[in-house]
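# Breakdown of the fold
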2 protein chains.
Amino acid sequence: MKLTLRQMEIFLNVVSEGHLTNVAKSMKLSQSAISMSIKEMENIIGRPVFDRINKKLVLNEVGRAFHKEIDPLYKKLSDIEYEFKNSENKGMIRVGASTTIVDYLMPSIICSYMSSYPDVKITLKEGNTKEISQMIDEGSIDVGFVEGFVSSSNIIKEKVGVDELVVITADKKLVAPCYIDALAQKKWVLREEGSGTREIFLDYIKEKVEDLNIFFELGHTESIKSILMNRECLTCISKISVDTELKEGKLYQVGVKNFSCRRDFLMIYHKDKYHSALFEKFLFFSKKLMFQMLDSGQKVQFKAR
Amino acid sequence: MKLTLRQMEIFLNVVSEGHLTNVAKSMKLSQSAISMSIKEMENIIGRPVFDRINKKLVLNEVGRAFHKEIDPLYKKLSDIEYEFKNSENKGMIRVGASTTIVDYLMPSIICSYMSSYPDVKITLKEGNTKEISQMIDEGSIDVGFVEGFVSSSNIIKEKVGVDELVVITADKKLVAPCYIDALAQKKWVLREEGSGTREIFLDYIKEKVEDLNIFFELGHTESIKSILMNRECLTCISKISVDTELKEGKLYQVGVKNFSCRRDFLMIYHKDKYHSALFEKFLFFSKKLMFQMLDSGQKVQFKAR
DNA sequence: ACGGTCTAATCAACAATATCGATAAAAGAG
DNA sequence: CTCTTTTATCGATATTGTTGATTAGACCGT
């Protein structure tokens, strides 16, 4: 036999009112319902919680201790139930994204979203496109942001922007417009093998360039930027990851002619996903901000030329 | 519509097992019972808490937040229920006692009791006999300890010892055996009017002494003892309240001939009181210790003569 | 001391709902 | 494609909660 919430509710009301009959009225139940409920509770606990003194029910030593424990818990439970019934903006969203997006786009999206919906917790996982889409597939994240292509038919994909890969240097001598093959023998710093950014770039130039001089390989975009500084090197990375440095004049975009290396940013989620108001809002928010950030990126690029 | 404990229990099990069918087996319910319970819960909350991804039920963003809130609460509730079902020694006893008993007997009783039953909380209220018996009558305390007589027929009285009033002084010159009337004109320090101790004493000597020289009146026994020190005064108070000072030789008992002023210590409780194991143990404990303390007090008195 | 008026406890009848067993639908495994 | 596994659905049934009437005890004013 187990205690029920209803019994606790009745018990707490009886304790605070003192009289069974009043509780019956205020709860719109019969007096006998209350009486039996209390009795049932005492059976479950194994001994009375009230002393029947005169007409009143007075908590006895056991009941008092019980009340002290139950009361705050019940209140909290009620609060939680109320919250979830009434507040749309309560939840915990798990987001996955690939490195570039995690580093340069998610922070401001999450930050901005959470200032509008403070009750929502967001967790962020990093992974490559394949890993992220697998997480979606098995339901271990709610939504993912990746570059490139996703194949699974269980996954819904929405294009949320275009990622532009640009050729970057810190050396002013290299900035002058030229064709890509003219730069092939300069010192190139690229991401490691297996990186999406690297593959896209090499794939894009493979018809025009026979042999690229890969001077150094690094696992993180930030490390590449450090290496670039004050050296005669080149790299090709996401425009958004060097936005700040371009504005500040620390790095320069090389005006490569006939060079337009792009890939889509995709937002992905499982087709069976239930779209709570919460979730919908997050999707909407993310899309809006993504477009904004990528647009402004392109504008800046335009001005810089 | 309200959430039930059972629903939460099922929900939590489904979350931890991941599979509906396993939960059905482990809870010895049909699979459909689980399924419907979950669905009912989602109805109550107003939106799904699981995403039905492939065969699995995976918590969605709402469910995750809900689980995080519910899980610790449910565990705590289970603990409380278990505690109260299994532990006899859980409760909160409200004790009332008159001044003398509160000051000189209850501390060691409570202290000793609580070292045997650490889960029991005891609250102590002070009041005169009338106040204490009224509290018993209306159920606002569980048990009382008083001196003197209690009239109500709703109250069960048990004699737990004899309180002896003795004549005390700090002045060695006054210690010599004599009759009470010979001391009447000495300086007497008594409790204030209305005090039980004072009334008993005055009532006891009223046939033998016409006019007692009441030099000073004080509300507390401890104040009386302070006044006595190094002065040629007398008082008549409970033997137990000056036990220590007699042993240490700071105060002396006057060997008044033909003087035997006594009153009973009573333990009282309501006739309708439910006697939990807890309560019974406390009664037993109190009686035992009362007798012990009052006996030892009398032995000391005997030796001192 | 006597009904009248409270109170809580009890009981059988009824209503609500939780659970069951069977079946359907969907998806992964072989 | 078939077999197995898993969840959803449905009507029937068992359990549980609730009701209304009744009983019993205590208080109140006359």
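Note that the structure is predicted; figures quoted are calculated from it, not measured. (Residues numbered from 1 in each chain as written. Chains lettered and ligands numbered in written order. Predicted model: local features only at pLDDT ≥ 70, side-chain atom pairs only at ≥ 80, totals over all residues. Heavy atoms only, no water.)

A tally of helices and strands in chain A yields eleven helices and eleven strands. The C-alpha extent of chain A, read off along each of the three principal axes, is 105 × 40 × 30 Å. Of the side-chain charges in chain A, 45 are positive and 42 negative, and the distance between the mean point of each set is 6 Å. (Helix = DSSP H or I, 4+ residues; strand = E, 2+ residues; numbered from the N terminus. Lys, Arg positive; Asp, Glu negative; His and termini not counted. Charge placed at Lys NZ, Arg CZ, Asp CG, Glu CD.)

Before going further, it helps to examine the protein's contact with DNA strand C. Near DNA strand C there are 19 residues, and of these Leu20, Thr21, Gln31 and Arg52 of chain A together with Ser30 of chain B occur at the shortest range. For DNA strand C, the backbone makes up 59% of the atoms found within 4 Å of the protein, where backbone means sugar plus phosphate. Here serine 35 of chain A contributes a side-chain N or O atom positioned 2.9 Å from a phosphate oxygen of DNA strand C. Backbone polar atom of serine 30 of chain B to a phosphate oxygen of DNA strand C: 2.4 Å apart, as the coordinates give it. Of all the secondary structure elements, the ones that give two or more residues to the surface near DNA strand C are helix 2 (20-26) and helix 3 (31-45) of chain A together with helix 3 (31-45) of chain B. Per element, the largest residue contribution to the surface near DNA strand C is five residues, and it comes from helix 3 of chain A. (Near = heavy atom within 4 Å. Polar contact = N/O pair within 3.5 Å; in protein donor to acceptor, adjacent residues only side chain to side chain.)

Here we come to the relation of the copies chain A and chain B. Superposition of chain A onto chain B requires a rotation of 180° combined with a translation of 0.0 Å along the rotation axis, giving an RMSD of 0.2 Å. On this basis, the relationship between the two copies can be described by a two-fold rotation axis. For chain A, the residue whose C-alpha comes nearest the rotation axis is leucine 5 of chain A, separated from it by 2.9 Å. (Least-squares fit on C-alpha atoms with pLDDT ≥ 70 in both.)

What follows covers the pairing of strand 8 (residues 214-218) of chain B. Residue and element names in this part refer to chain B. Taken together, the four bridges between strand 7 (residues 187-191) and strand 8 define a ladder with parallel strand orientation. Looking at strand 8, one finds that tryptophan 188 is bridged to isoleucine 214. Between strand 7 and its parallel partner strand 8, the chain crosses via helix 8 (residues 196-205), and the hand of that crossover is right-handed. (Pairing = 2+ DSSP bridges. Right-handed = clockwise from strand over helix to strand, strands pointing away.)

At the interface, 55 residues of chain A touch 55 residues of chain B. At the boundary of chain A with chain B, total buried surface from both sides reaches about 4800 Å², with 59% on carbon and sulfur atoms. Taken as a group, Arg47, Glu61 and Phe84 of chain A account for 15% of the area that chain A buries against chain B, more than any other trio of residues on that side. Here chain A and chain B share six salt bridges between them. Along the contact surface separating chain A from chain B lie 21 residue pairs in polar contact (both at pLDDT 80 or more). Within the residue set of the side of chain A that touches chain B, elements represented by two or more residues are helix 1 (5-17), helix 3, strand 1 (50-53), strand 2 (56-59), helix 4 (61-86), strand 3 (91-97), helix 7 (129-138) and helix 11 (277-304) of chain A. Take the side of chain A that touches chain B: its biggest share by element is 17 residues, from helix 4 of chain A. Looking at the side of chain A that touches chain B residue by residue, the classes come out as 25 nonpolar, ten polar and 20 charged. (Contact = heavy atoms within 4.5 Å. Buried area = accessible area lost by both parts, 1.4 Å probe. Salt bridge = Lys/Arg side-chain N within 4 Å of Asp/Glu carboxyl O. Nonpolar A, V, L, I, M, F, W, Y, C, P; charged D, E, K, R; others polar.)

On to the packing of helix 1 of chain A against helix 3 of chain A. Residues and elements named next belong to chain A. Two elements in contact, helix 1 and helix 3, have axes whose closest approach is 9 Å; the angle formed by their N-to-C orientations is 110°. Here helix 3 runs roughly perpendicular to helix 1, going by the angle between their axes. Between helix 1 and helix 3, the contacting residues are Gln7, Ile10, Phe11 and Val14 on the first element and Ile34, Ser37, Ile38, Glu40, Met41 and Ile44 on the second. Looking at the contact of helix 1 with helix 3 residue by residue, the classes come out as seven nonpolar, two polar and one charged. (Axes fitted to C-alpha atoms, helices over the stretch in contact; angles between N-to-C directions. Parallel < 35°, antiparallel > 145°, perpendicular 65-115°, else oblique.)

All right, on to the protein's contact with DNA strand D then. Around DNA strand D lies a shell of 18 residues, among which Ser32 of chain A together with Leu20, Thr21, Gln31 and Arg52 of chain B are the nearest. Among the atoms of DNA strand D lying within 4 Å of the protein, the sugar-phosphate backbone contributes 50%. A distance of 3.2 Å is found between a phosphate oxygen of DNA strand D and a side-chain nitrogen or oxygen belonging to lysine 39 of chain B. If you list the elements that add at least two residues to the surface near DNA strand D, you get helix 3 of chain A together with helix 2 (20-26) and helix 3 of chain B. The element contributing the most residues to the surface near DNA strand D is helix 3 of chain B, with five residues. Within the surface near DNA strand D, the residues separate by chemical class into five nonpolar, eight polar and five charged.

Turning to the side chain of asparagine 60 of chain B, a few remarks are in order. With respect to the helices and strands, asparagine 60 of chain B occurs in the loop between strand 2 (56-59) and helix 4 (61-86). On the basis of relative accessibility, which here comes to 0%, the residue asparagine 60 of chain B falls in the buried class. A polar contact of 2.8 Å, which involves the side chain of asparagine 60 of chain B, links it to the backbone nitrogen of glycine 63 of chain B. Leaving out residues up to four positions away in the same chain, asparagine 60 of chain B has contacts with Lys273 and Tyr274 of chain A together with Pro48, Val49, Phe50 and Asp51 of chain B. (Buried < 20%, exposed > 50% of the residue type's maximum accessible area, 1.4 Å probe, protein only.)

The extent of an interface is frequently quoted as the accessible surface area lost upon association of the parts. Once the domains are mapped, chain A shows domain 1 (5-85), domain 2 (91-161 + 265-296) and domain 3 (163-262). Placing the centre of domain 1 of chain A and that of domain 3 of chain A at their C-alpha centroids yields a distance of 72 Å. (Domains from an automatic or database assignment.)

All told, the structure shown has 45 salt bridges over all chains when counted by the stated rule. Close ionic contact of arginine 64 of chain A with aspartate 142 of chain B constitutes a salt bridge, the shortest N to O distance being 2.5 Å. Note that arginine 64 of chain A is positioned in helix 4 and aspartate 142 of chain B in the loop between helix 7 (129-138) and strand 5 (143-147), a pairing that runs across two chains. A residue is classified by how much of its surface remains accessible, and arginine 64 of chain A, at 10% relative accessible area, is buried. In this structure aspartate 142 of chain B comes out as buried when scored by relative accessible area, which is 1%. Its salt-bridge partner being lysine 225 of chain B, residue glutamate 222 of chain B comes within 2.9 Å of it at the nearest N-O pair. In this pair, glutamate 222 of chain B and lysine 225 of chain B are both assigned in helix 9 (residues 221-228), three residues apart and thus about one turn of the helix distant. The exposure class of glutamate 222 of chain B is partly exposed, given its relative accessible area of 41%.

Here we come to the side chain of serine 140 of chain A. Within the secondary structure, serine 140 of chain A sits in the loop between helix 7 and strand 5 (143-147). Residue class for serine 140 of chain A comes out buried when judged on its relative accessible area of 19%.

All names here are of chain A. The end-to-end C-alpha distance of helix 4, which contains 26 residues, comes to 38 Å, matching closely the 38 Å that a straight helix rising 1.5 Å per residue would cover. The largest bend along helix 4 measures about 30° and falls at isoleucine 70, with the proline proline 72 one to four residues further on. For helix 4, the capping residue at the N-terminal end is asparagine 60, with a side-chain oxygen 3.0 Å from the backbone nitrogen of valine 62. (Expected span 1.5 Å × (residues − 1). Bend = angle between axes of the 7 residues up to and from the residue.)

The next thing to look at is the packing of aromatic side chains. Scanning all chains against the criterion turns up 24 aromatic pairs over all chains. On the numbers, 6.4 Å between centres and 75° between planes, the contact of tyrosine 117 of chain B with phenylalanine 285 of chain B is edge-to-face. Within this pair, whereas tyrosine 117 of chain B is found in the loop between helix 6 (106-116) and strand 4 (120-126), its partner phenylalanine 285 of chain B is found in helix 11 (residues 277-304), the two being separated by 168 residues in sequence. No difference in accessibility class separates tyrosine 117 of chain B from phenylalanine 285 of chain B, as the two residues are buried. Judged by centre distance (5.2 Å) and plane angle (90°), the ring pair of tyrosine 204 of chain B and phenylalanine 259 of chain B falls under edge-to-face. You can see tyrosine 204 of chain B sitting in helix 8 and its partner phenylalanine 259 of chain B sitting in the loop between strand 10 (252-253) and strand 11 (261-270), a full 55 residues away along the chain. Among the aromatic residues, those joined into a cluster by ring pairs are Phe11, Phe50 and Phe66 of chain A together with Phe84 of chain B. (Phe/Tyr/Trp six-rings, centres within 6.5 Å; stacked < 30°, edge-to-face > 60°.)

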